[in-house]
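Examining the three-dimensional arrangement
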Amino acid sequence: MNRFQKQNVPLLPSKNKGFTLIELSIAIVAALVLIGIGLYFYNNVKNETGAMNATNGVTAISSAVKALYPNPSYTGLSSALLIQSGKAPQNMVSGTGASATLVNNWGGTVTVAPANYNGGPANAMAITFPSVPRSACNSVFSAAGANFQKIEINNTAVKDDSVPTAATAATVAAACDTENNSMVFTAT
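So, a few notes on the structure that sits alongside this text. (Residues numbered from 1 in each chain as written. Predicted model: local features only at pLDDT ≥ 70, side-chain atom pairs only at ≥ 80, totals over all residues. Heavy atoms only, no water.)

1. Notes on the state of the cysteines
Here is the rule we go by: Here, the term disulfide refers to a pair of cysteine sulfur atoms separated by no more than 2.5 Å. Here a helix means four or more residues in a row that DSSP labels H or I, a strand means two or more in a row labelled E, and each is numbered from the N terminus. Burial classification: accessible surface area is computed with a 1.4 Å probe over protein chains only, and a residue below 20% of its type maximum counts as buried, one above 50% as exposed, and the rest as partly exposed.
Taken as a whole, this structure holds one disulfide when the rule is applied. Residue Cys137 pairs covalently with Cys176 via a disulfide, S to S 2.0 Å. Handedness of the Cys137-Cys176 disulfide follows from its S-S torsion of about -65°: it is left-handed. Placement of the pair is Cys137 in helix α4 (residues 134-144) and Cys176 in the loop between α5 (169-175) and β7 (181-187), with a sequence separation of 39 residues. Accessibility classification places Cys137 together with Cys176 in one group, the buried group.

2. Details of unusual backbone geometry
The phi torsion at Ala122 lies on the positive side, around 50°, for a residue other than glycine. Assessed through its relative accessible area of 13%, Ala122 is described here as buried. The phi dihedral of Ser131 falls on the positive side, at around 65°, and the residue is not glycine. Judged by its relative accessible area of 22%, Ser131 is partly exposed.

3. Digging into the sheet that holds strand β4 (residues 120-132)
We count it as follows: Pairing between strands requires that DSSP locate at least two bridges from one strand to the other. In this description, contact between two residues means that some pair of their heavy atoms is separated by no more than 4.5 Å. For helices, the fitted axis covers only the stretch in contact; all axes are lines through C-alpha atoms, and the angles between them, taken along N-to-C directions, range from 0 to 180 degrees.
Ordered by their spatial adjacency, seven strands build an open sheet running β1-β2-β3-β4-β7-β5-β6, and the pairing between neighbours is antiparallel. Edge positions in the sheet fall to β1 (93-94) and β6 (156-160), since each has one partner strand and no second. The pairing of strand β5 (residues 150-153) with β7 spans four bridges and is antiparallel. Residue Glu152 lies in a different strand from β7, and its bridge partner there is Val184. Sitting on the sheet, α4 is in contact with β4, β5, β6 and β7, with an inclination near 10° to β7.

If you want it as structure tokens, here you go:
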């Protein structure tokens, strides 16, 4: 007999309650895996939402310019004129008054200017969309491509209707080679 039994104190049960170190480690690893999967899907959804917003933005700007300039002569076109006329997409306008600018969802300053296309003077508009991440660049090109006669990515023409070549996935992927791509959309 031991001294606890003499004092009528029962022995503690030998079965401990709680988690062992191995069980706790497995639970932590499982939680980290679930968090990683969640972040992966969150980033994909965020990038696709950004690409969709950019596509909507560049298309809205193009429509606004065509409403402001019904004839295909874009002399005098500027971002400031588009903002001052009230035709610019309001969700892209940053600032007020004469200092207002157009900004895309990645913080790049969007510019709108006249362009010469296929030999004509100021017969097109050029919308420059900077700071497009690599993860969204191809999606923006694919979604907006049909609305524009020419699209350049980082000074590389990946689509030009005046030249009988079609853009390939490899051409677009090679042009979208940086984390901050500049895309220029040209339309007549």
